[in-house]
Amino acid sequence: MDDASATDALQAEMDETQRLCIRLRGDWLLQGAETPSRGAFLNLLDEFPGTQILAFDSEQLGRWDASLLIGLDALTRAAQARDVEVDARGLPDGAQRLLQLARAVAVREDAHRTAPPSGLLASLGDATLRLRTTATELLRFTGELVFSMLRLVRGKAVFDPRDLLLYIEQTGARALPIVSLIAFLVGVILAFVGVRQLEQFGAGIYVADLVAIAMVREMAAIMTGIIMAGRSGAAFAAQIGTMKVNEEIDALTTLGIPAMDYLVLPRTIALVLMMPLLSVYAGLLGIIGGGLVALAMLDVNVMQYMEQTRNAIDLHAVLGGLLKAVVFGGVIALSGCYQGMACGGSAMAVGKATTAAVVMAILLIVVTASALTVIYTVYGV
Amino acid sequence: MSEREKLIEVRDLTIAYGDFVVQRDLEFSIDRGEVFIIMGPSGCGKSSLMKAMIGLLQPASGDVWYGGEPFWSCDEESRRGLARHMGVLFQSGALWSSMTLAENVSLPLRQRTALSAARIAEVCAWNLALVGLSGFEDYYPNELSGGMRKRAGLARAMAMDPEILFFDEPSAGLDPVSARLLDELILELRDSLGTTIVVVTHELASIFAIGNTAVFLDTEARTQLAVGAPKEMRDHTEHETVRRFLRREAPRREAVIDGAGA
């Protein structure tokens, strides 16, 4: 049968007994020429308002598939809703049976989900409400972690020391290359900026103070923190999230092994131990990077630069930087593990959890860094 | 096993996710040493009931009693104590994917018992042999087929010698022969070790082959419709839903369009 154009594929004719006959012609294939849509079928009932009986003629119908059934289903349902009698005998047997099958299970009204309200205001409100629940949940999570630590102190935690060593290696030793590179370059950048400005006042040597203080007090901890958030925080969220999806966490729980002790505790301890070490190392590399720039661009020698640096930093500055690193370590581990444990049940959810972990960690790092700097300044530390 | 001892009692249990009640007013008991089936159509809340029984989902009301002790209304420490007598085989096996089979099976032993490393290795090898996985100690879960993963999960669940074993859809995703072998293994565990076994399933062949007692949960009524021996339920139940389910009958289609469905 040749392809019928859209107009003669579907035709309707009303006879004097108010019987509306739908004439179907040609091939009705989703992949073929375009055929009338669901709307075209529904329009027929409006075109012939007085219809009493709906009948079909499929004498000239060729091959057909869902494209025909979609229209027929809509039409017969609409007809029945208007108390029009449907006489389906004129349809191919297969089509009759499939239409029947589509009605075998009634539409579950409660299964339909109402889409959440969209729009700028709605999503703003939604985000605000979510922020509150996240904050309470994060607090609860922190509390559970504290209890888990207390169990560890009393020797009652279900904890594998080998895991701790593994995470120390992963978060500490393996992060050295990237931390070295970034810290060195941050030192170089600081020195470049400093040399340009300070040289104007003939105070070029003070670039050593600038680099040393900035690195030791602030930049080393922050840069290491941001690297670790992307490296370890994301890894924690992905590891724990995937375990959640595969019911592996449930398996731990039913075997009497609290996920808090077994999964969260070693990761947190490893990161809290490694962050200050990495941060000190980053500070050192930053100072070396800055020093090389100063030596190249200024008229100073190594001894002068080292002397200037040593006078610039004191123990307070170093301890202040270390404290920050410890806090950042805790914040990163907490974000990663919390987002992993809060992960939903799909592959998509693991990706979301990982993103959320990094965003949350960086946000918290910046907020706590500012808070600590303000506190240090106020108390003159 | 002449005297029947009630090991597990589910009393007035309601399971809900937030406001959405999945099942309510569940009330049944499980005898020591029997195979108990939780059955019902897909999505009726079978797995949720199991989660409530093993401590993964807090019920909205009611409680599960193990040997006369309430599970949910006691403190976390004693709950963990009760859970120590349970083993669970999850639907997908839920093996820890970053560990080898041997590490999977021995982790609970290493963490929860004071056994020596050599002893743990023996127990681990024995359990793997029991499920037909000898020699796979150093394989990772992703290197195994679905059926093997499930059996490895069973080896892990059995490692602690639990009094009660829970199975979530044991035959899902298995070929008929493997499913049959798993059924036989379940019966073997009951007969030789006296383990009480709770199985969540909708496989009719399994239900009739291994079930001593069963509870039928319904999606529409959101509660249990019948408790009893599966075969008796099939032949004598007054509930049409239960009969249809157990006889594998489709609901009769009503003619919605003239000329069809005759």
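Residue numbers restart at each chain and count upward from 1, following the sequence in its written direction. Here every chain gets a letter starting at A, and every ligand a number starting at 1, in the order they are written. Given that the model is predicted, a residue must reach a pLDDT of at least 70 before its local features are reported, and side-chain atom pairs must reach 80 or more before they are shown or counted; all residues, however, enter totals for whole chains, interfaces and linings. Here the side-chain values reflect all heavy atoms present in the structure, with hydrogen atoms and water set aside.

Considering empty space enclosed by the protein
So, step 1. The way it works is a 1 Å grid over only the protein atoms, where trapped points that fit a 1.4 Å probe form a cavity and open points with protein on both sides within 12 Å along at least five of seven lines form a pocket, and then any residue with an atom within 4 Å of a point lines it. Grid points are joined across faces, edges and corners, and a volume is the space filled by probe spheres set on the points. Evaluation of the coordinates by the stated rule reveals two cavities of 30 Å³ or more.
So, step 2. Lining the largest cavity are A:Thr254, A:Leu255, A:Gly256, B:Arg80, B:Ala83, B:Arg84, B:Met86, B:Arg112 and B:Met160.
So, step 3. By residue class, the composition of the lining of the largest cavity is four nonpolar, two polar and three charged.
So, step 4. Here the second largest cavity defines a volume of roughly 30 Å³.
So, step 5. In this structure, the second largest cavity is lined by A:Ala251, A:Thr254, A:Leu255, B:Val88, B:Phe90, B:Arg156 and B:Ala157.
So, step 6. We count a stretch as a helix when DSSP gives it H or I for four or more residues in a row; a strand needs E for two or more, and each element gets its number in order from the N terminus. Of all elements in the fold, only helix H9 (248-254) of chain A together with helix H5 (146-158) of chain B reach the threshold of two or more residues within the lining of the second largest cavity.
So, step 7. Classifying every residue of the lining of the second largest cavity gives five nonpolar, one polar and one charged. When residues are sorted by character, Ala, Val, Leu, Ile, Met, Phe, Trp, Tyr, Cys and Pro go into the nonpolar class, Asp, Glu, Lys and Arg into the charged class, and all the rest, Gly among them, into the polar class.

What to know about the domain arrangement of chain A
So, step 1. Where each domain starts and ends comes from a domain assignment, either automatic or drawn from a database. Each assigned domain of chain A is listed with its residue range as follows: domain 1 (3-104) and domain 2 (140-379).
So, step 2. Here domain 1 of chain A and domain 2 of chain A have C-alpha centroids that lie 68 Å from each other.

Structural notes on the interface of chain B and chain A
It is common to give the size of an interface as the accessible area lost on bringing the parts into contact.
So, step 1. Contacts between the two partners involve 32 residues from chain B, matched on the other side by 31 residues from chain A.
So, step 2. Between chain B and chain A lies a buried interface of about 2700 Å² when both sides are counted; carbon and sulfur atoms form 56% of it.
So, step 3. Should a side-chain nitrogen of Lys or Arg be within 4 Å of a carboxyl oxygen of Asp or Glu, the pair is scored as a salt bridge. Counting every contact that joins chain B to chain A gives one salt bridge.
So, step 4. One salt bridge connects A:Asp160 with B:Arg110, and the closest N-O pair in it is separated by 2.9 Å.
So, step 5. Looking at the side of chain B that touches chain A, the elements with two or more residues in it are helix H1 (46-54), helix H2 (76-83), strand S6 (86-89) and helix H3 (101-112) of chain B.
So, step 6. Considered class by class, the residues forming the side of chain B that touches chain A number 17 nonpolar, six polar and nine charged. By the convention used here, residues are in contact when the closest approach between their heavy atoms is within 4.5 Å. Here the quantity called buried area is the accessible surface, traced with a 1.4 Å probe, that two parts lose on coming together, added over both.

Details of the sheet that holds strand S1 (residues 10-14) of chain A
The strands making up a sheet are joined through hydrogen bonds of the backbone, oriented either antiparallel or parallel.
Residues and elements named next belong to chain A.
So, step 1. The four strands lie next to each other as S1-S2-S3-S4, forming an open sheet whose pairing is mixed. Each edge of the sheet is formed by a strand with only one pairing partner; in this case those strands are S1 and strand S4 (85-87). Along the sheet, successive strands turn relative to each other by an average axial angle of 20°, direction set aside.
So, step 2. To get an axis, fit a line to the C-alpha atoms, keeping to the stretch in contact for a helix; angles then go from 0 to 180 degrees between the N-to-C directions. Across the face of the sheet, helix H3 (residues 66-81) comes into contact with strand S2 (19-28), strand S3 (53-64) and S4 while running at roughly 180° to S3. Paired strands, in this sense, are two strands between which DSSP finds at least two bridges.

Focus: the side chain of A:Ser58
Residues and elements named next belong to chain A.
So, step 1. Topologically, Ser58 is positioned in strand S3.
So, step 2. Residue classification places Ser58 among the buried positions, given a relative accessible area of 15%.
So, step 3. Those residues within four positions of Ser58 in sequence are excluded, and the remaining contacts are Leu24, Gly90, Leu91 and Pro92. Here the term buried applies to any residue with accessible area under 20% of the maximum for its type, exposed to any over 50%, and partly exposed to those in between, with areas from a 1.4 Å probe on protein chains only.

Some thoughts on the packing of aromatic side chains
So, step 1. A pair of Phe, Tyr and Trp rings is counted when the ring centres sit within 6.5 Å of each other, with Trp represented by its six-membered ring. The angle between the planes then sorts it: under 30 degrees is stacked, over 60 is edge-to-face, the rest tilted. Under the definition given, this model contains eight aromatic pairs over all chains.
So, step 2. Measuring from centroid to centroid gives 5.7 Å for A:Phe141 and A:Tyr338, while their planes differ by 75°, and the two rings are edge-to-face. Of the two residues, A:Phe141 sits in helix H5 (residues 120-153) while A:Tyr338 sits in helix H12 (residues 315-341), which places them 197 residues apart along the sequence.
So, step 3. In this structure A:Tyr338 comes out as buried when scored by relative accessible area, which is 6%.
So, step 4. Look at B:Phe136 and B:Tyr139: their rings are 4.9 Å apart centre to centre, the planes differ by 65°, and that puts the pair in the edge-to-face class.
So, step 5. Members of the aromatic cluster, each reached through a chain of ring pairs, are B:Tyr66, B:Phe71 and B:Trp72.
So, step 6. Against the face of B:Phe208 rests B:Arg234, its NZ or CZ located 4.7 Å from the ring centre. A positively charged side chain is recorded as over a ring if its NZ (Lys) or CZ (Arg) lies within 6 Å of the ring centre. The angle to the ring normal must also be within 35 degrees.

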